[in-house]
Protein chains: 2
Amino acid sequence: LALSEPELSRLSHQGEALLTRSESLLVSQMMRDTPFLVVDRQRLERNLCAMHEHATTIGVSLRPHAKTHKSPDIARLQLQHGAVGLTVATVGEAECMVELAACTDLFIAFPLWAVGLRAQRLCALARKARLRVGVDSVDAVQRLAAAVGAGGADAAPLAVAVEIDCGHHRSGVPPERAAEIASAAIALGLVVDGVFTFPGHSYAAGMRERAAADEVVALKTARDLLVAAGIPCPVVSGGSTPSVAFVSSSSSVLTEIRPGVFCFGDAQQFELGSIAASDIALTAHATVVSRRDGVAIVDAGSKILGADRPAYASGFGRVLDCLEARIVALSEHHATIHFGSAEVPALGSVLRIVPNHVCNAVNLVDELVVRGAADESVWRVAARGKNV
Amino acid sequence: LALSEPELSRLSHQGEALLTRSESLLVSQMMRDTPFLVVDRQRLERNLCAMHEHATTIGVSLRPHAKTHKSPDIARLQLQHGAVGLTVATVGEAECMVELAACTDLFIAFPLWAVGLRAQRLCALARKARLRVGVDSVDAVQRLAAAVGAGGADAAPLAVAVEIDCGHHRSGVPPERAAEIASAAIALGLVVDGVFTFPGHSYAAGMRERAAADEVVALKTARDLLVAAGIPCPVVSGGSTPSVAFVSSSSSVLTEIRPGVFCFGDAQQFELGSIAASDIALTAHATVVSRRDGVAIVDAGSKILGADRPAYASGFGRVLDCLEARIVALSEHHATIHFGSAEVPALGSVLRIVPNHVCNAVNLVDELVVRGAADESVWRVAARGKNV
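All values reported here derive from a predicted model rather than from experimental measurement.

A few words now on the relation of the copies chain B and chain A. With an RMSD of 0.0 Å, the operation that places chain B on chain A is a rotation of 180° combined with a shift of 0.0 Å along the axis. Here the transformation between the copies is reduced to the relation of a two-fold axis. Residue Ala307(B), judged by its C-alpha, is the member of chain B lying nearest the rotation axis, at 2.5 Å. When the interface residues of chain B are mapped onto chain A, 100% of them again fall at the interface, so both copies present the same face.

What follows covers the packing of helix α1 (residues 5–12) of chain A against helix α2 (residues 21–31) of chain A. Residues and elements named next belong to chain A. Between α1 and α2, whose axes approach to 10 Å, the crossing angle comes to 110°. Classed by the angle they form, the pair α1 and α2 counts as roughly perpendicular. As α1 packs across α2, the resulting crossing turns out to be left-handed. Taking contact as the criterion, the partners of Leu8, Leu11 and Ser12 in α1 are, on α2, Glu23, Val27, Met30 and Met31. In terms of residue class, the contact of α1 with α2 is built from five nonpolar, one polar and one charged.

Now for the pattern of salt bridges. According to the stated counting rule, one finds 52 salt bridges over all chains in the structure shown. Close ionic contact of Asp214(A) with Arg210(A) constitutes a salt bridge, the shortest N to O distance being 3.3 Å. One end of the pair, Asp214(A), and the other, Arg210(A), are both in helix α9 (residues 208–228), four residues apart, so they sit about a helical turn from each other. For Glu376(B), the salt bridge goes to Arg32(B), with nearest N and O atoms at 2.6 Å. In this pair, Glu376(B) is assigned in strand β17 (residues 376–380) and Arg32(B) in the loop between α2 (21–31) and β1 (36–40), connecting sequence segments 344 residues apart. Each member of the salt-bridge network shares a partner with another, and the members are Arg63(A), Asp105(A), Arg130(A), Arg132(A), Asp193(A) and Glu256(A).

Now for the sheet that holds strand β6 (residues 159–164) of chain A. Residue and element names in this part refer to chain A. One open sheet accounts for eight strands, arranged β2-β9-β8-β7-β6-β5-β4-β3; its pairing is parallel. The sheet is open, and its two edges are formed by β2 (61–62) and β3 (86–88), each paired on a single side. Sheet topology note: the β3/strand β4 (residues 105–111) ladder contains three bridges and is parallel. When the bridges of β4 are listed, Val88 appears paired with Ile108. Contacting β3 and β4, helix α5 (residues 91–101) runs over the sheet at an angle of about 170° to β4.

Moving on: α9(A). All names here are of chain A. Taking 1.5 Å per residue as the helical rise, α9 with its 21 residues ought to reach 30 Å, and the 30 Å between its terminal C-alpha atoms agrees with that figure. Taken together, the buried positions of α9 are Arg208, Ala211, Ala212, Asp214, Glu215, Val216, Ala218, Leu219, Ala222 and Leu226. Looking at the buried residues of α9, the elements they touch are β6, α8 (178–187), β7 (191–197), β8 (235–238) and α10 (267–272).

Turning our attention to the sheet that holds strand β6 (residues 159–164) of chain B. Residue and element names in this part refer to chain B. The eight strands lie next to each other as β2-β9-β8-β7-β6-β5-β4-β3, forming an open sheet whose pairing is parallel. Of all strands in the sheet, those bounded by a partner on one side alone are β2 (61–62) and β3 (86–88). Pairing between strand β5 (residues 130–135) and β6: four bridges, direction parallel. If you follow Val133 over to β6, its bridge partner there is Val160. Along the sheet, helix α8 (residues 178–187) contacts β5, β6 and β7 (191–197); its crossing angle with β6, the most-contacted strand, is approximately 165°.

A few words now on the packing of aromatic side chains. Any pair of aromatic rings gets described here by the distance separating the centres and the angle formed by the planes. All names here are of chain A. Throughout the structure, instances matching the rule amount to two aromatic pairs over all chains. Ring geometry for Phe107 and Phe196: centres 4.9 Å apart, planes at 80°, overall edge-to-face. Here Phe107 is found in strand β4, whereas its partner Phe196 is found in strand β7, with 89 residues between them in sequence. The class of Phe107 is buried, set by a relative accessible area of 0%. Its guanidinium or amino end placed over the ring of Phe107, Arg132 lies 4.6 Å from that ring's centre, counting from NZ or CZ. One cation-aromatic arrangement involves Arg309 over Phe316; the distance from NZ or CZ to the ring centre is 5.7 Å.

Scoring rules and cut-offs
- Residues numbered from 1 in each chain as written.
- Chains lettered and ligands numbered in written order.
- Predicted model: local features only at pLDDT ≥ 70, side-chain atom pairs only at ≥ 80, totals over all residues.
- Heavy atoms only, no water.
- Least-squares fit on C-alpha atoms with pLDDT ≥ 70 in both.
- Contact = heavy atoms within 4.5 Å.
- Axes fitted to C-alpha atoms, helices over the stretch in contact; angles between N-to-C directions.
- Helix = DSSP H or I, 4+ residues; strand = E, 2+ residues; numbered from the N terminus.
- Parallel < 35°, antiparallel > 145°, perpendicular 65-115°, else oblique.
- Left-handed = near helix turned anticlockwise from the far one by under 90°.
- Nonpolar A, V, L, I, M, F, W, Y, C, P; charged D, E, K, R; others polar.
- Salt bridge = Lys/Arg side-chain N within 4 Å of Asp/Glu carboxyl O.
- Pairing = 2+ DSSP bridges.
- Expected span 1.5 Å × (residues − 1).
- Buried < 20%, exposed > 50% of the residue type's maximum accessible area, 1.4 Å probe, protein only.
- Phe/Tyr/Trp six-rings, centres within 6.5 Å; stacked < 30°, edge-to-face > 60°.
- Lys NZ or Arg CZ within 6 Å of the ring centre and 35° of its normal.

Below you can see the structure in the form of C-alpha cells.
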C-alpha cells in the first residue's frame, strides 16, 4: 500500500491528530528519507526461535554474538529466548550490554591486551557482571591478572577461555598449547572456563561442513589436553552462523555456540547457503536515483551497506526484490545494479538491498527501523562504534 | 618517547596537577585505548596547501569534497585556504557544513531524488546557503523544482549541474544529453550552473591519466553542446584525487575540481601512486594482540578501517611503520598482518595502520585525534553517518 505523491504531500502537511492510525503510519514510512536499515520483526523473531531450537536439540548453550546487532533491544529478546549470556568483541560492547540490556554474563571473545584505561574499565566491569575473556598468550594473561588484581584480597573476579586456532589462522593457539596458557592463568589467580574457537574458514564457498568438523577436532584435542593436565574444562565454545547447522549432538564436544549473524542473515549467508532469502530480516531501503538500459543506481553505498566483498560473493549485496539482479559496483552513496533481463525499476522506486555483511552495515547507523505486521518502532544501535 | 608500564600506571594514578605538561600529554596518549584514528596535523596542512597550489597553478577553483573528513574543523581550514565552497554527497552533510562550518556555498554532487522530508529539508537549506545539486534526469529536475517551488513568488533559489558520465558508468548521462536536461531545468525555473563529472575510473591500476583525459573530452563536449543550445555554462567541474594531478591549464576545460581524499591520503592512493607514504596524514593506531611466526594480529578490523579491498590493492590497508608487511585478512576487530622477512612486532606494540579507503574509515568514528608537533586535540566527525 502506498500513497501518490500529491496525496502524501497533502497528508504530510495535515496535523497528526487529523490522520487515522494507518494513514499516520503510512505517512511516516513514506516521509522517511532513504537510505535506512529496516528490520522485519517477524523474520527476526523466527530466526531467534530457530537458533534456540537448534541449540536445544543439540544440547548446547546459546551465547549469541551481540556484535551483529549492537542493540540492547535485540539482546534482551535473545536473553528472553533463553540465551545463557552474550558474546561481545570489545569492552565497550560489554559495558553497553551490561548497562542497557541488563546482561549479567558476558564473554569478550577477543584476545584483549589489558593495559591503560582498558585495564581499569575491565576491572570495573568484572565487578558488575560475570566476565570471561579470550586469551592466546601468557603475556596477555599476565596483563589481565594485573588489571583485576588477581590473587589479591580485593581482586575482581575474572574468567578466561583459551582461544584455539582450528583452521581460520587468525588469533588463537594450536590445541597443543592450550594447557600451557590455562596453567599460567590459574597460577596467576584467574578462573579458567575452558577453550573456544572461531571456525571462520566457514566463510568460504563449500567450507561450512569442513569448518564445523575442524572445530570439533581442535576443541576436542584442546579439552582433552586440559583435562589430562588436571585442569577442568566445563566450557567448550564454538560456532559461527555458517557452520553451526553442522554441529550435532552425537559428533560434537561443544557445550556452547556463539553465532551472531543468524538473527538477521545477509547476502553472504544467503550465498553460502546458510539462510533462505525468505528469512533475511534486515535490508537497506534505497531509492532509484538514476537509470539507463539494464541498469539502476540506488542511493545506498558503502556508507550504509559496508564495503565487504568476499571472493565468493556475486557482488556487493543482493536486491531482495529481484534476486537475479547483480550489484556490480559500490561507491559511498551509490550502488550500481545490473538487472540483466529483468525490468529496471522506475526512478523513485524504493528497493530493499541486502548487505553482504550485516554486522558492518548495522555498525554504520544509529537506529534500526523495526517493522512489525502493523506497526513500526525505532531501536537504537547503542553499541555502534564501540571499538574499544 | 614512551613510558614503561609501571611508570605509566604510577603517573596515571597521580593527580593531573602534579604532572608536567609533557608528562600529562604522554599519559593521555598512552592511556587512550586502541584502536583510534589519528590525524597528523602537519601532514594534513601540507596536503591542503599542496592541493590549493595545484588549483591555483592550473587556474581552477577548488571545491573539496567534505565526505572524506566529515569534519567542520577541516572544512573551515579548507575554506581558510581558499576553497570556493564545499562538495558534499547528502543533504545531511550539507546541513552539517552550513551549521557547523559556516559554509555558504555547497554542491551536493549527487542525483538527489527530492521527495518527502528530503524535499522539505532541501528547500529550507536553499534559503540558508547557495546550493547546487547534481541532476541526470528530467524526472529528478521536476522533483527538485517542485521541492523549492521554482518559478513561484516564494521560491527558494536552487542551482543544478548536469552530471556527465565520462567513463565510470555510475550515474550521469552521455555528454550528448546534457542540453536536454539543462533545458528542462531552465524551463522549470531552476538555475543551471553547468556540467560536472566524476572520473571514478581513475581508481584502477594505471588509469589515472586516462581518466583525466576522458574527463576533459566528455566535459568539453557537454559544455560546447550547452553553449550551442544558448545555455551559458560557467561551471565545468571534475576531478578526483587520483586524476587531478593530470589536470593541466593548457589541456583542460575545467573551471573547478572536487577531490576529497587528498587531505588525508590512504592506502588506495598510495598504491595508485597519487600520494607518498610520507604524506599520509591519517592512520588507525592499533595494538598487537596476538602473534606467531611471521604474523601479527592487531585490534583494528573492518569496524574502524572499513572493508574496502579493490582488485588492485595489495591487501586490506598498509602498515605505515612497515611498508613491506601485508594485511592479508580483516575481520571486524582483527587485522591479520604477514611480515615476511621483517621482524614481527612484540605483543602490546602499537602500529599505525593506513586504511585502504579513508572516507569509509572516518565514517566509522565519532572523533579524530589530531596530533601536532607538541599538542593533541580531538575533532568531531560531525557528519558521520549522515546518509540522508
